[in-house]
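Below are the chains, spelled out letter by letter.
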Amino acid sequence: MKIQILISKNSWALKYVPFIKKRLIKFSNKIQVINDHKFLKKNYDINVIFSYFKILDKKFLNRSKSNLVIHASNLPNGRGMSPLTWQILDGKSLITFSLIEVNEKMDEGKYYFKKKVRIPKHYLFDEIKKLQLDQTLILIIKFLKVFKKNKMKLPHSYNQIGKPSYFKKRTMEDSKLNVHKSLNSQFNKLRVCDNDNYPAFFILNKKKYVIKIYNKSKKNNEN
């Protein structure tokens, strides 16, 4: 089985490539990591898309037998960008992860499997993303097991049913805090902010102040 992994150069998932390869190596001794879809290899069995920010044309999708992505919503609800983040901001903690076959339209492909996962309400950005990665790999591995058992035939897939809804792309402005509201009321916004790439901030007296958030509880308990 030949597997290629597509990850954007500036993706949060890039640092986990060794971990991803370690989890998938039992299915393939040929795993190729690609940062630009233009360099996808031809005649591959599986293309796993981790946090890639562009829609692929059919000619690139045809280079693999199957193109998989995990979308963190109960599709067709929550198509679009950053679905996990938007749901956490909406106060949700039970999230559905959908494994779909990628097509030329945004998140409209048929799905293979769905899995509900509870996100602990104290998790911060790095913990949320690691949990997202773990759940992604669980569904990918489930697919690969069936694919291998069926002698390289794709598992049964299902049409998305219902009226779709869409999330917009997040911008730096979405990390802005309201100085007139309490930290408690804005904690969900704080915990989905990436300290390195788009940290929380607020404006006061026409000056911008950046806030970075860390969970020190574990360290303090160990001392």
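All values derive from a computational prediction rather than experimental measurement.

Participant: I'm lost on the environment of proline 76 in this one. Help?
Facilitator: On the secondary structure map, proline 76 appears in the loop between β4 (64-71) and β5 (79-80). A residue is classified by how much of its surface remains accessible, and proline 76, at 3% relative accessible area, is buried. Sequence separation between proline 76 and isoleucine 161 is 85 residues, and the spatial gap between their C-alpha atoms is 6.7 Å. Excluding anything up to four places from it in sequence, proline 76 contacts Gln160, Ile161, Gly162, Lys163, Pro164 and Ser165.

Participant: What is the right way to look at unusual backbone geometry in this model?
Facilitator: Residues apart from glycine generally show negative phi values, whereas peptide bonds are mostly found in trans. Between leucine 75 and proline 76 the backbone carries a cis peptide bond, its omega angle lying at 15°. Not every positive phi belongs to a glycine, and lysine 151 is a case in point at roughly 55°. Residue position: lysine 151 is located in the loop between α4 (125-149) and β8 (166-167). Judged by relative accessible area, lysine 151 falls into the exposed class, the value being 72%.

Participant: Honestly, the side chain of glutamine 87 in this entry has me stumped. Any pointers?
Facilitator: Relative to the assigned elements, glutamine 87 resides in helix α3 (residues 83-89). Dropping the residues within four chain positions of it, glutamine 87 is found in contact with Ala72, Ser73, Lys92, Ile95 and Phe167.

Participant: It is not clear to me how the nonpolar core should be interpreted in this structure. Could you clarify?
Facilitator: The biggest cluster of nonpolar side chains holds 36 residues, and the ones touching the most others in it are Ile20, Leu24, Phe50, Leu99 and Phe143. For this core, the elements supplying multiple residues, two or more each, are β1 (2-7), α1 (17-24), β3 (44-50), β4, α3, β6 (94-101), β7 (111-118) and α4. Tallying contributions element by element places α4 first for this core, with 10 residues. If near-sequence neighbours (up to four positions away) are discounted, leucine 24 is found in contact with Ile5, Ile31, Leu137, Ile140, Ile141 and Leu144. Within the second largest apolar cluster, 13 residues are counted, among which are Phe60, Leu61, Val69 and Val102.

Participant: Mind showing me how you'd approach the pattern of salt bridges here?
Facilitator: Oppositely charged side chains are able to pair whenever their charged atoms sit close together. Per the stated rule, a full pass over the model turns up three salt bridges. Aspartate 134 is the partner of lysine 130 in a salt bridge, and the nearest nitrogen-oxygen pair spans 2.9 Å. Of this pair, lysine 130 and aspartate 134 both sit in helix α4, separated by four residues, roughly a single helical turn. On the accessibility criterion, lysine 130 (26% relative accessible area) is partly exposed. Across the pair lysine 176 and glutamate 173 runs a salt bridge, and its minimum N-O distance is 3.9 Å.

Participant: Explanation requested: the environment of serine 28 in the structure shown.
Facilitator: Along the chain, serine 28 turns up in the loop between α1 and β2 (30-34). Non-local contacts of serine 28, meaning those with residues more than four positions away in its chain, are made with Met1, Lys2 and Ile3. A distance of 2.5 Å separates a polar atom in the side chain of serine 28 from the backbone oxygen of methionine 1. One polar contact links the side chain of serine 28 to the main-chain carbonyl oxygen of lysine 30, over a distance of 2.9 Å.

Rules and cut-offs
- Residues numbered from 1 in each chain as written.
- Predicted model: local features only at pLDDT ≥ 70, side-chain atom pairs only at ≥ 80, totals over all residues.
- Heavy atoms only, no water.
- Helix = DSSP H or I, 4+ residues; strand = E, 2+ residues; numbered from the N terminus.
- Buried < 20%, exposed > 50% of the residue type's maximum accessible area, 1.4 Å probe, protein only.
- Contact = heavy atoms within 4.5 Å.
- Core = buried A, V, L, I, M, F, W, Y, C linked by side-chain atoms within 4.5 Å.
- Salt bridge = Lys/Arg side-chain N within 4 Å of Asp/Glu carboxyl O.
- Polar contact = N/O pair within 3.5 Å; in protein donor to acceptor, adjacent residues only side chain to side chain.

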